[in-house]
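These are the residues of each chain, in order.
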Amino acid sequence: MKEKHIVIDSVETFEAALKQLREAQKKFATYTQEQVDKIFLAAATAANQARIPLAKLAVEETGYGVVEDKVIKNHYAAEYIYNKYKNTQTVGVVEDDKSFGYKRLVEPIGIVGAVIPTTNPTSTAIFKTLICLKTRNGIMISPHPRAKKSTIEAAKIVLEAAVAAGAPEGIISWIDAPSLELTNLLMKESDIILATGGPGMVKAAYSSGKPAVGVGAGNTPAIIDDTADILLAVNSIIHSKTFDNGMICASEQSTIILDKVYDKCKAEFIKRGCYVLNKEELDKVRAILLTPAGTVNPNVVGHRPFEIAKMAGFEIPESAKVLIGEVESVDPSEPFAHEKLSTILAMYRAKNIEDAFSKAERLISDGGYGHTSAIYLNAVTEQAKIAEFQERMKTCRILINMPSSQGGIGDIYNFKLAPSLTLGCGSWGGNSVSENVGIKHLLNIKTVAERRENMLWFRAPEKVYLKKGCLPVALDELKTVMNKKKAFIVTDQFLFKSGATKPITDKLDEMGIPHATFFNVAPDPTLACAKEGLQQLKAFEPDVIIALGGGSAMDAGKIMWMMYEHPEADFMDMAMRFMDIRKRVYTFPKMGEKAYFIAIPTSAGTGSEVTPFAVITDEKTGIKYPLADYELMPKMAIIDADFHMTAPKGLTAASGIDAVTHALEAIASMMATPYTDGLAIEALKKIFRYLPDAYNNGLNDPKAREEMANAATMAGMAFANAFLGVCHSMAHKLGAFHHLPHGVANALMIDEVLRFNAEETPAKMGTFPQYDHPKTLERYAMVATALGLKGKTDEEKLENLIKAIDELKATVGIKPTIKDWNVDETDFLNRLDAMCEQAFDDQCTGANPRYPLISEIKTMYLNAYYGKKDGSWNKK
């Protein structure tokens, strides 16, 4: 049954009509793309066919504009809008990326409240109804009281054609007796407001409490540079300014002409039929141009020059195209400096381009923010001026060498600028949209995202050479393959004085490669230490760097390598924390361009020879910074157990347990993979089997030393890719605050961390796509099984694993509690909160399977200090 149009002339009829419109839109929302496109075509065709009678009606009713130009505007609103969006999908899935599990669907917003201006009563109605039909929205129009007849007629024509093509009855509605009360009600009860008009109306739309797409006043300045094509510039401005008697909001309100071409431009304006006001006439026009409130006089809007002159009290030829007022002030006190929406044009003389830009900025600030600005110049030679113009103008359309009325509405003088009769002005103009409004602004977009696991990786040095005694063979490549010229060795004083560097220097001498050595690396190397070595490094200018030692020497070497290759790099930027190494804010520069980096470990623990990490201490604050990036990965690692044979017992113990924690944290990490699991488990098997022998027999057990060397490197490869966890976060800070060896600090915290991570109902779980539920307990049980440890349940296997670790620690002489290492209790407790906060913010925390609260870190520290896992220390 055909729905009868409800005449809207009261609040009651408005509510009834809105209810009817919502029912129609609800039905329309179910239409297919094929049905929508059929309706869109029929409506656009009907509007196009009615372009002439609608133009006549608009001029007859409002008294504004030119019939022939309104015909063009109606034609444009129908044809250009249809052509722009005829093939655009507005129903269903518009994007579907199955590989990424990402899908986007479009849905109508609902009811569009459309406010139509008196200046463009039919073309704007055609435009807004068409884009609503294309997007399956219902629309209710609030016409201007002085243009209601023509606006309603345009809406009727579109509606009838749409319904005939299958649209729901009543999908387009209008207020028959427009009033401020009903317009405000429309704004309040529609789902989105599509408002075109002056600042007051736009402000009301945005104050309604509903989403609004609003546009406002324009005060477009057009600069004519001294490089411009004067014929093109002047005639483009005339063409734009006379179009519909200057009522397009993008039309030029003023022209600013450089002094050098001012007289030529003025002569061209006069030659082409423009009338330049004399001083007396100028004052007379000023007197009628604005209302007492400072807005444009509605009696002036959309009228021809001779009509405006007659209003002002003087006569000019009826053929005059534009009234030009030569003025100087760009202050709001000058009426000609305002938006005029008529055939009146202000003309300014500029001393130079800077003066022109300044005048344009001032004019835009008076009611033209966000709208449109234009400039005429040589676009080939004056790119610098264009760049400055686009930088300085606070407008959303910046037009080069085109009439601003026809250019601003789009798709005529530039085919990428979307066609529209509603031009957004952005935040500068108090708008939510800064572009030409189109169908995308009337669509809700649903995003469907399926869970996906991110790509993982396995990265290692390009060359890893291993076997006791392999050093000379591995280094041979420096000459025979790489043709290196100068080598720089980084090590510590003990290794240097004990002759550990001699096998390296002997081989370099044999190959004729000059070398220098920096041997002042201290345990827990500092920035000052790295900078000291850097000075020697820069002076020597090597093309290969060889770091020999434990983690300290290799870490210092990596930092020096970075500073040598990229002195511009900022350390604090490199130390910046990240959540995902692939998405970090700071991008490490490319390494290896100046020097090839070789790492040779002398202890079995740190794994630094195969990792992208380096820990450096700021000697001024005492804070340890773990740096992480695969650019820090050594290019070559040489695992030669000859360098491990004389390692002292304490170092063997601490570094061995450090390797245990590397493997355990790599297994627990949210980023663990089968590759890292295999390496970590094999490393643990070797460590539990061979660490006691390496510790007890040392120099007399080359087999144990070599197996431990390989185990440490394998554990290093595991955590280089899976990363570490909160055990290392806490160890870093425990070492920094209380000067405990890194391996010992890890040994003291590992029991607490194993129990903490194994909790099946943690307060917070870590965030990583492949980590879908708390499962660390079963992974620790997997380790226990691999080590031959028994247990009827996973919980029992975990406790047996912890017991085995404690026995291993005891075997190699590591005391069980922090307190046992002579850390003063008062000092520990006084600085505990700071230590906890820094541990929480440590880079290693990010990959931990259980996201730790600071209070939980504090509990673990206290348990580790007192050696009590039941919290009984809290009862003291």
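What counts as what
- Residues numbered from 1 in each chain as written.
- Predicted model: local features only at pLDDT ≥ 70, side-chain atom pairs only at ≥ 80, totals over all residues.
- Heavy atoms only, no water.
- Helix = DSSP H or I, 4+ residues; strand = E, 2+ residues; numbered from the N terminus.
- Buried < 20%, exposed > 50% of the residue type's maximum accessible area, 1.4 Å probe, protein only.
- Lys, Arg positive; Asp, Glu negative; His and termini not counted.
- Salt bridge = Lys/Arg side-chain N within 4 Å of Asp/Glu carboxyl O.
- Polar contact = N/O pair within 3.5 Å; in protein donor to acceptor, adjacent residues only side chain to side chain.
- Contact = heavy atoms within 4.5 Å.
- Patch = residues over 30% accessible without salt bridge, like charges linked within 9 Å, V, L, I, M, F, W, Y side chains within 5 Å.
- Areas by Shrake-Rupley, 256 points an atom, 1.4 Å probe, with all protein chains shown as cover.
- Charge placed at Lys NZ, Arg CZ, Asp CG, Glu CD.
- Pairing = 2+ DSSP bridges.
- Axes fitted to C-alpha atoms, helices over the stretch in contact; angles between N-to-C directions.
- Core = buried A, V, L, I, M, F, W, Y, C linked by side-chain atoms within 4.5 Å.
- Parallel < 35°, antiparallel > 145°, perpendicular 65-115°, else oblique.
- Left-handed = near helix turned anticlockwise from the far one by under 90°.
- Nonpolar A, V, L, I, M, F, W, Y, C, P; charged D, E, K, R; others polar.

Caption draft 1: Molecular detail of the side chain of Asp701. Within the element layout of this structure, Asp701 appears in the loop between helix 24 (674-697) and helix 25 (702-722). For Asp701, which is buried and forms no salt bridge, the nearest opposite charge comes from Arg689, at a distance of 6.6 Å. In terms of polar contacts, Asp701 uses its side chain to reach the backbone amide nitrogen of Ala704, at 3.0 Å.

Caption draft 2: Seen up close, the environment of Asn710. Of note, Asn710 is situated in helix 25. Beyond its immediate stretch of four places on either side in the chain, Asn710 contacts Leu466 and Ile639.

Caption draft 3: View of a negative patch on the surface. On the surface, Glu759, Glu760, Glu778, Asp794 and Glu795 cluster together into a patch of negative charge. Among the structural elements, Glu759 can be located in the loop between helix 27 (742-758) and helix 28 (776-786). For Glu759, a relative accessible area of 33% gives the class partly exposed.

Caption draft 4: The arrangement of the sheet that holds strand 11 (residues 323-326) in detail. An order of 10-11-12-9-8-13-14 is seen for the seven strands of this open sheet, with the pairing classed as parallel. The strands lining the two open edges of the sheet, one partner per strand, are strand 10 (275-276) and strand 14 (395-400). Where strand 9 (residues 252-258) meets strand 12 (residues 344-350), five bridges bridge the pair, whose relative direction is parallel. Each residue of the ladder has a partner; that of Ile256, found in strand 12, is Tyr348. Helix 9 (residues 230-242) rests against strand 8 (220-224), strand 9, strand 12 and strand 13 (370-376) of the sheet, and its axis sits at about 170° to strand 9.

Caption draft 5: Here's a closer look at the nonpolar core. Counting residues in hydrophobic clusters, the biggest one holds 91 residues, and the most contacted among them are Leu664, Met730, Leu734, Met749, Ile818, Phe828 and Tyr861. With 11 residues, the single largest contributor to this core is helix 25. Apart from the residues lying within four places of it in its own chain, the contact partners of Met730 are Met749, Val753, Ala839, Ile857, Met860 and Tyr861. Grouped together as the second largest cluster of nonpolar side chains are 57 residues, Val36, Ala125, Phe127 and Leu133 included.

Caption draft 6: How the structure looks around the pairing of strand 19 (residues 544-549). With six of its six residues buried, strand 19 lies for the most part within the structure. Both faces of strand 19 are covered, namely the face carrying Val544, Ile546 and Leu548 and the face carrying Ile545, Ala547 and Gly549. Of the strand pairs in this sheet, strand 17 (residues 487-492) and strand 19 are connected by four bridges, and their pairing is parallel. Each bridged residue has a counterpart across the sheet, and for Ile489 the counterpart in strand 19 is Ile546. With six bridges joining them, strand 19 and strand 20 (residues 596-601) adopt parallel strand pairing. Bridge pairing links Ile546 to Ile598 in strand 20.

Caption draft 7: Molecular detail of unusual backbone geometry. Even without being glycine, Leu341 reaches a positive phi, approximately 45°. Structurally, Leu341 can be placed in the loop between strand 11 and strand 12.

Caption draft 8: Fine view of the pattern of salt bridges. Tallied over the full model, the rule gives 43 salt bridges. A salt bridge links Glu334 to Arg286; the nearest nitrogen and oxygen atoms lie 2.9 Å apart. Of this pair, Glu334 sits in the loop between strand 11 and strand 12 while Arg286 is found in helix 11 (residues 279-289), placing the two residues 48 residues apart along the sequence. On the basis of relative accessible area, Glu334 is assigned to the buried category, the value being 7%. Overall, the relative accessible area of 24% leaves Arg286 in the partly exposed class. Across the pair Lys440 and Glu435 runs a salt bridge whose closest N-O atoms are separated by 3.0 Å. Residue classification places Lys440 among the exposed residues on the basis of a relative accessible area of 51%. The network of salt bridges with shared partners includes Asp225, Asp226, Glu382 and Lys385.

Caption draft 9: Highlighting the packing of helix 26 (residues 726-738) against helix 32 (residues 854-866). The geometry of helix 26 relative to helix 32 is characterised by a closest axis approach of 12 Å and an angle of 65° between their N-to-C directions. Taken as axis vectors, helix 26 and helix 32 run roughly perpendicular relative to one another. Handedness of the helix 26/helix 32 crossing: right-handed. Here helix 26 contributes Val726, Ser729, Met730, Lys733 and Leu734 to the contact with helix 32, which in turn contributes Ile857, Met860 and Tyr861. Residue composition of the contact of helix 26 with helix 32, by class: six nonpolar, one polar and one charged.

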